[in-house]
Amino acid sequence: MRPGGSLPVLASGGRFTLPSSRRSDGWTMDFTFAEDLREFLAHAYGVEVGSIPVGPCPAEFRGDLTVSGYVLARQLRRNPLEIAAKSAEFLGCHEDVGAVEAVKAFVNVTLVPAALMRDTVADGQKLLGSVVLPAPERRRILIEFSAPNTNKPQHLGHVRNNCIGMATAAILRRVGHDVARVNLVNDRGIHICKSMVAYLRFGQGETPESSGRKGDHLVGEYYVAFDAEFRRQVAALREARPEWAKASDEELFLRTEIGRTAQDMLIAWENGDGEVRALWERMNGWVLAGFEETYRRLGVCFEKTYLESETYTLGRDIIRQGLESGVFRRREDGAVVIDFSDPALGSKVVLRSDGTSVYVTQDIGTTLLKQNEFSPDQQIWVVGDEQVYHFRVLFAILGALGYPWADRLVHMAYGMVHLPSGRMKSREGTVVDADDLVQELEDLARAATLERAGAEVPEDIEERARVIGMAALKFMLLKVSPRTTLLFDPEASMTFEGDTGPYVLYAYARIRSMLRKAEAMPDEDRVDWAALGSAEEKALALRCAAYPDVVRKAAAELDSSALAGYLLDLAKDFSRFYRSCPVLSAPAAAQRDARLLLSDRVRAILRDGLETLTIGVLESM
RNA sequence: GCCCCGGUAGCUCAGUUGGAUAGAGCAACGGACUUCUAAUCCGUAGGUCGUGGGUUCAAUUCCCGCCCGGGGUGCCA
């Protein structure tokens, strides 16, 4: 059971260690003036100078870009003000520079428009092409996510997990890694037996077909029914036996008739009891079919799906071997444990005294299985932050067992989803169901689209509703940092305005519309970039140029929110440009062509970026 | 008790390998559709960056203490 308790959330386990681009700030695209400045400074001070720290110039100052004298000062070991003055002096004579101003230790550079465009958006191939890492930095990565239990339908917490997993995989692929997505379905255990017991007791033989209900929802109802009956029995027990009044539900589980029945069923399942297995297969089949439907709607897919019923015994042999080699020891009570030198980890049982596996033992087994089947350089688990300790233990055990790849395992811990009323709790019915949520967003998107369409109903209205609804959902989940505990306020979240997926989609659709009207695209080689130069145009071009680094940073830090935030900024920059710079009706042909091409660059990046977040686009909205 | 994560505008969240006057969306208020799609744009208002120290030319960012919230600390998953 991966996503734990009532579900997810996450937090952050340590730092991630994927190969990263050299600079996290600034641009991968090289500015000619910066390169020339680098050489100049290296020569002037007789020191090796790394890359020049170029960043955006804050709006309050005059300039397009800013070079920080403070950062250079660390490399050059000179006075920042002196460096800034010297740099400004040099840049004042540079042909690309229209104006330069040193303010304190900052050098604000205004580029000649043609140079700015040349160094940013002129080469469209390079712009999108440089997202990909050089071959030596590419890795084979296996990412596990979703990992649902087959006793109830998925809810918003699972949706966050699924979306983060899919988007992270897509981001890693985008920069050139070889990524395999795997799911590990928890299809066995006491929780499934609970649904089964309740079904036998209250189900009267109903099926998804007979009830017209989606299989996972149907089974989930019996899980809830079990809990209701269990609570009733526990309450009665406490009433009858005052000495147990203070015992926890868990402590009393096996004292209740229904709890005992579920436990017996689990044992029967493990012994391969025919009837139990048949019922289990039937009900699991219903749930898995339901999941398939949910995954289809969300666009979730995997290269491989493991079933825990087939892997849960795998770790035991490794434990026995480790016992012989002294990694583990057998405690007086018969349980096998590992004693960590790190006091924060303490001592951990890996095999119960009856010889059965615990959670971490199974994970040792599946980790080895995945390692053998995929030979990844790195494995990533997208699992809620409540399991940080579990993964620290798992990784420490694998390290103790001597696997050289153990220090490259990553737990991508993400935060829980909370509702305004607090944590989601299945038993109390305070969960946001995944299927309902998707449906609701699609309905809202349809209504919003029709409202704006006026009399003519678009032919592809269903497609639009689907794409817009999903964009809203995924963007909402992906735009916040994975580690953040997310508050889902239905009122405020179900909107298509402001910082949302549909906002980005809208910018894309407006560009498409414009390009359709333009009919022919101008010849790239003949465009006169010098025709541009307004603040909006320059800001847009500079934003475009930052794209490759943003994607690389998102990949290196496993952070979809860096990319989502960037796309929002880009769409915003475009909207400003669109408002103040007429394209099709630009005063001069050269201006029209250059603006058209600039718009097309934005279009390409928006599409590339959205797809890298697994969000589809629309040609019209 | 101990460990981990978080505390930034009324709300939801960015920003932080230390750097110029801390940002966005929503909500509030005021503007802009005979003009390439107003799911848009512009403006106003809104902050002791939890708190107290320390390091530094420079701290929301790094270090220590404290307060508040969440999670973890099982022969559960």
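Up top is the structure.
Residues numbered from 1 in each chain as written. Chains lettered and ligands numbered in written order. Predicted model: local features only at pLDDT ≥ 70, side-chain atom pairs only at ≥ 80, totals over all residues. Heavy atoms only, no water.

## Describing the pattern of salt bridges
Now for step 1: Under the counting rule described, the total for this entry stands at 45 salt bridges.
Now for step 2: Between Arg-231 and Asp-227 there is a salt bridge, and its shortest N-O distance comes to 3.2 Å. Of this pair, Arg-231 and Asp-227 both sit in helix α9 (residues 215–240), four residues apart, roughly one helical turn.
Now for step 3: On the basis of relative accessible area, Asp-227 is assigned to the buried category, the value being 13%.
Now for step 4: Two residues, Arg-297 and Glu-293, come together in a salt bridge whose shortest N-O distance is 3.2 Å. One end of the pair, Arg-297, and the other, Glu-293, are both in helix α12 (residues 274–298), four residues apart, so they sit about a helical turn from each other.
Now for step 5: What emerges from the salt-bridge pattern is a single network uniting Lys-214, Asp-216, Glu-293, Arg-296, Arg-297 and Asp-435. (Salt bridge = Lys/Arg side-chain N within 4 Å of Asp/Glu carboxyl O. Helix = DSSP H or I, 4+ residues; strand = E, 2+ residues; numbered from the N terminus. Buried < 20%, exposed > 50% of the residue type's maximum accessible area, 1.4 Å probe, protein only.)

## Let's talk about the packing of aromatic side chains
Centre-to-centre distance and the angle between the planes together describe a pair of aromatic rings.
Now for step 1: Under the defined criterion, the tally for this structure stands at 20 aromatic pairs.
Now for step 2: Their ring planes at 25° and their centres at 5.0 Å tell us that Tyr-403 and Trp-405 sit as a pair that is stacked.
Now for step 3: Looking at Trp-405, the relative accessible area reads 11%, which means it is buried.
Now for step 4: Ring geometry for Tyr-547 and Tyr-566: centres 5.7 Å apart, planes at 40°, overall tilted. Linking Tyr-547 in helix α22 (residues 547–556) with Tyr-566 in helix α23 (residues 560–580), this pair joins segments that are 19 residues apart in sequence. Each member of the pair, Tyr-547 as well as Tyr-566, carries the same accessibility label: buried.
Now for step 5: Ring-pair connections join several aromatic residues into one group, and the members of that group are Phe-145, Phe-291, Tyr-295 and Phe-302.
Now for step 6: The side chain of Lys-86 reaches across the aromatic face of Tyr-45, ending 5.8 Å from its centre.
Now for step 7: Here Arg-241 stacks its cationic end above the ring of Trp-244, 4.2 Å away from the centre of that ring. (Phe/Tyr/Trp six-rings, centres within 6.5 Å; stacked < 30°, edge-to-face > 60°. Lys NZ or Arg CZ within 6 Å of the ring centre and 35° of its normal.)

## Section: helix α7 (residues 190–202)
Now for step 1: Over its 13 residues, α7 extends 18 Å from the first C-alpha to the last, a length consistent with the 18 Å expected when each residue adds 1.5 Å.
Now for step 2: Residues of α7 that are buried sit in contact with α9, α11 (257–270) and α12.
Now for step 3: Gln-204, located one to two residues past α7, shows a positive phi value of around 50°. (Expected span 1.5 Å × (residues − 1). Contact = heavy atoms within 4.5 Å.)

## A short note on the side chain of Glu-537
Now for step 1: Of note, Glu-537 is situated in helix α21 (residues 535–545).
Now for step 2: Those residues within four positions of Glu-537 in sequence are excluded, and the remaining contacts are Met-117, Leu-532, Phe-577, Cys-581, Arg-595 and Leu-598.

## Comments concerning the state of the cysteines
Now for step 1: Under the defined criterion, the tally for this structure stands at zero disulfides.
Now for step 2: For Cys-57, which is in no disulfide, the shortest distance to another cysteine sulfur is to Cys-544 and amounts to 19 Å.
Now for step 3: Looking at Cys-57, the relative accessible area reads 13%, which means it is buried. (Disulfide = S-S within 2.5 Å.)

## Points about the environment of Glu-206
Now for step 1: With respect to the helices and strands, the residue Glu-206 is situated in the loop between α7 and α8 (208–211).
Now for step 2: Once the C-alpha coordinates of Glu-206 and Ala-564 are considered, the two residues, 358 residues apart in sequence, prove to be 44 Å apart.
Now for step 3: Beyond its immediate stretch of four places on either side in the chain, Glu-206 contacts Tyr-199, Ser-211, Leu-218, Tyr-222 and Trp-286.

## Here's the deal with the sheet that holds strand β10 (residues 347–351)
Now for step 1: Strand order in the open sheet made by the three strands is β8-β9-β10, with antiparallel pairing throughout. Whereas interior strands pair on both sides, the edge strands pair on one side only; in this sheet they are β8 (329–330) and β10.
Now for step 2: One ladder, built from two bridges, connects β8 with strand β9 (residues 336–339); its direction is antiparallel. Counted as the bridge partner of Arg-329 is Val-337 from β9. (Pairing = 2+ DSSP bridges.)

## Observations regarding unusual backbone geometry
Now for step 1: Positive phi, close to 55°, is recorded for Arg-77, a residue that is not glycine.
Now for step 2: Along the polypeptide, Arg-77 turns up in the loop between α2 (69–76) and α3 (80–92).
Now for step 3: If you check the backbone angles, Ser-146 has positive phi at about 80° while not being a glycine.
Now for step 4: When you line up the elements, Ser-146 lands in the loop between β5 (140–144) and α6 (156–174).

## Details of the pairing of β9
Residues in a regular strand project their side chains so that they alternate between the two faces of the sheet.
Now for step 1: Hairpin remark: β8 followed by β9, antiparallel, with five residues in the connecting loop; positive phi at Gly-334, about 100°.
Now for step 2: With four bridges joining them, β9 and β10 adopt antiparallel strand pairing. Bridge assignment links Val-337 to a residue of β10, and that residue is Val-349.

## Points about helix α15 (residues 359–374)
Now for step 1: Relative to the 22 Å expected for 16 residues at 1.5 Å per residue, α15 spans 22 Å between its end C-alpha atoms, a close match to the ideal helical length.
Now for step 2: Burial analysis of α15 places 12 of its 16 residues in the buried class, the great majority of the element.
Now for step 3: Turning to α15, its buried residues are Val-360, Thr-361, Gln-362, Asp-363, Ile-364, Gly-365, Thr-366, Thr-367, Leu-368, Lys-370, Gln-371 and Phe-374.
Now for step 4: Residue Ser-375 follows α15 closely and has a positive phi angle near 45°.

## Some thoughts on the pairing of strand β2 (residues 65–68)
Now for step 1: Side chains of β2 alternate between two faces, with Leu-65 and Val-67 and Thr-66 and Ser-68 buried alike.
Now for step 2: By the bridge criterion, three bridges tie strand β1 (residues 54–56) to β2 in an arrangement that is antiparallel. Note that in β2 the partner of Gly-55 across the bridge is Thr-66.
Now for step 3: Bridge count for β2 against strand β4 (residues 106–111) is four bridges, and the pairing is antiparallel. For Leu-65, the partnering residue across the bridge sits in β4 and is Val-109.

## Considerations on the packing of α6 against helix α24 (residues 589–612)
When two helices pack together, their arrangement is given by the angle between the helix axes and the distance between those axes.
Now for step 1: In contact at an axis separation of 8 Å, α6 and α24 are set at 130° when each is read in the N-to-C sense. Between α6 and α24, the crossing angle belongs to the class labelled oblique. Facing α6, whose interface residues are Ala-167, Ala-170, Ile-171 and Arg-174, α24 presents Asp-608, Glu-611 and Thr-612.
Now for step 2: Looking at the contact of α6 with α24, its residues break down into three nonpolar, one polar and three charged. (Axes fitted to C-alpha atoms, helices over the stretch in contact; angles between N-to-C directions. Parallel < 35°, antiparallel > 145°, perpendicular 65-115°, else oblique. Nonpolar A, V, L, I, M, F, W, Y, C, P; charged D, E, K, R; others polar.)

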